[in-house]
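# Geometric and topological summary
What follows is each chain in one-letter form.
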Amino acid sequence: MSAAKISVAKKAIDYIEKKLSIETVLGIGTGSTVNYFIKELDAYKNLFRGAVSSSEASSQLLREKNIEVFSLNDVNQIDFYIDGADEVSPNNFLIKGGGGAHTREKIVAAAAQEFICIVDKTKMVDKLGAFPLPVEVIPEARSSVARKIVALGGKPIYRENFITDQGNHIIDVEEIDISEPEALEILLNNIPGVVDNGIFAFNKPEVVLVSD
């Protein structure tokens, strides 16, 4: 598995290398595949300005490579956002959030000029939904959100002993119909107490790179 993740990390470097400049700001996602990308990025850190990170874990790795980490509020634009996914559909719709960072990931993806998704081939699916759908919720609203998810046909499972970087909880939703990702993304986000869910339909990647 690590060989596949290294392979696709190198593909992403090849994709962006000639497009980097000293003004380039990268968006960096979260997860094991992205960690390999950060390691590969080390050799190219003098070719771009710095990065906006989607999680504290990725920020720490970037700083260890002496890559400057910016707040999204401090940059005018992000040129490329590089991140993995838990599932990728034929239409490039995604499920993300296995690591619980999908809210900030979606924010950074939305701010980027181009979203490049890097995955190993096991993440490619015909239809989203085998992977439980993460929903970030305000702690006080967890039970009420869970009841509304049940009413939508989903099976909510509280992710125990996990707090997001924003101080919230995660509900992982099984058995919910994601045949219309855009509609479900809106529907879930309109439940009071939901911060964001892991469907990336409106912020799907322009490019999906898959391991050999």
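Not measured: the values here are computed from a predicted model.

As a further point, take helix H1 (residues 2–16). The end-to-end C-alpha separation of H1 is 21 Å, in line with the 21 Å expected for 15 residues at 1.5 Å each. Taken residue by residue, H1 has Ala4, Lys5, Ser7, Val8, Ala9, Ala12, Ile13 and Ile16 as its buried positions. Turning to H1, the residues buried within the fold contact strand S1 (25–28), helix H2 (32–41), strand S4 (78–83), strand S7 (112–119) and strand S13 (207–210).

Mapped onto the elements, Ser59 comes out in helix H3 (residues 56–64). Taking relative accessible area as the criterion, Ser59 reaches 4% and is therefore assigned buried. Put simply, Ser59 and Ile28 are 31 residues apart on the chain and 8.5 Å apart in space, counted from C-alpha to C-alpha. Residues within four places of Ser59 in sequence aside, it is in contact with Ser53 and Val69.

With that settled, the discussion passes to the nonpolar core. Leu26, Ile28, Phe37, Leu41, Ile116 and Ile118 are the most contacted members of the largest nonpolar core, which has 23 residues in total. Elements that contribute at least two residues to this core include exactly H1, S1, H2, S4, S7 and S13. Ranked by the residues each element gives to this core, the list is headed by H1, at 5 residues. Counting residues in each nonpolar core, the second largest holds 21 residues, with Phe93, Ala141, Val145 and Ile171 among its members.

Evaluated as defined, the whole model comprises 11 salt bridges. The residue Glu56 makes a salt bridge to Arg104 at a minimum N-O spacing of 3.1 Å. Of this pair, Glu56 sits in helix H3 while Arg104 sits in helix H4 (residues 102–111); the two residues are 48 residues apart in sequence, bridging distant segments of the chain. Put simply, Lys96 and Asp83 hold a salt bridge, and the shortest N to O gap is 2.8 Å. With Lys96 in the loop between strand S6 (94–95) and H4 and Asp83 in strand S4, this residue pair connects regions lying 13 residues apart in the sequence. Since its relative accessible area comes to 3%, Lys96 is described here as buried. Taken together, the salt bridges that share partners define one network made up of Glu56, Arg104 and Asp165.

Residues spaced three or four apart along an α-helix point in a common direction, a consequence of the helix completing one turn every 3.6 residues. Those residues of H2 not exposed but buried are Thr33, Val34, Phe37, Ile38 and Leu41. Here the buried residues of H2 occupy an arc of 145° about the axis, which is enough to place them on one side. Residues of H2 that are buried make contact with H1, S1, H3, S4 and S7.

Enumeration over the complete set of coordinates arrives at 1 aromatic pair. Between Tyr81 and Phe115, the aromatic rings sit 5.1 Å apart at their centres with planes inclined by 55°, giving tilted as the arrangement. Of the two residues, Tyr81 is situated in strand S4 and Phe115 in strand S7; the sequence distance between them amounts to 34 residues. For the pair formed by Tyr81 and Phe115, the shared burial category is buried. The ring of Phe200 has Lys96 lying over it, and the distance from NZ or CZ to the ring centre is 5.6 Å. A cation over an aromatic ring shows up here: Arg159 above the ring of Phe162, its NZ or CZ 5.1 Å from the ring centre.

Definitions and cut-offs
- Residues numbered from 1 in each chain as written.
- Predicted model: local features only at pLDDT ≥ 70, side-chain atom pairs only at ≥ 80, totals over all residues.
- Heavy atoms only, no water.
- Helix = DSSP H or I, 4+ residues; strand = E, 2+ residues; numbered from the N terminus.
- Expected span 1.5 Å × (residues − 1).
- Buried < 20%, exposed > 50% of the residue type's maximum accessible area, 1.4 Å probe, protein only.
- Contact = heavy atoms within 4.5 Å.
- Core = buried A, V, L, I, M, F, W, Y, C linked by side-chain atoms within 4.5 Å.
- Salt bridge = Lys/Arg side-chain N within 4 Å of Asp/Glu carboxyl O.
- Arc of directions from axis to C-beta.
- Phe/Tyr/Trp six-rings, centres within 6.5 Å; stacked < 30°, edge-to-face > 60°.
- Lys NZ or Arg CZ within 6 Å of the ring centre and 35° of its normal.

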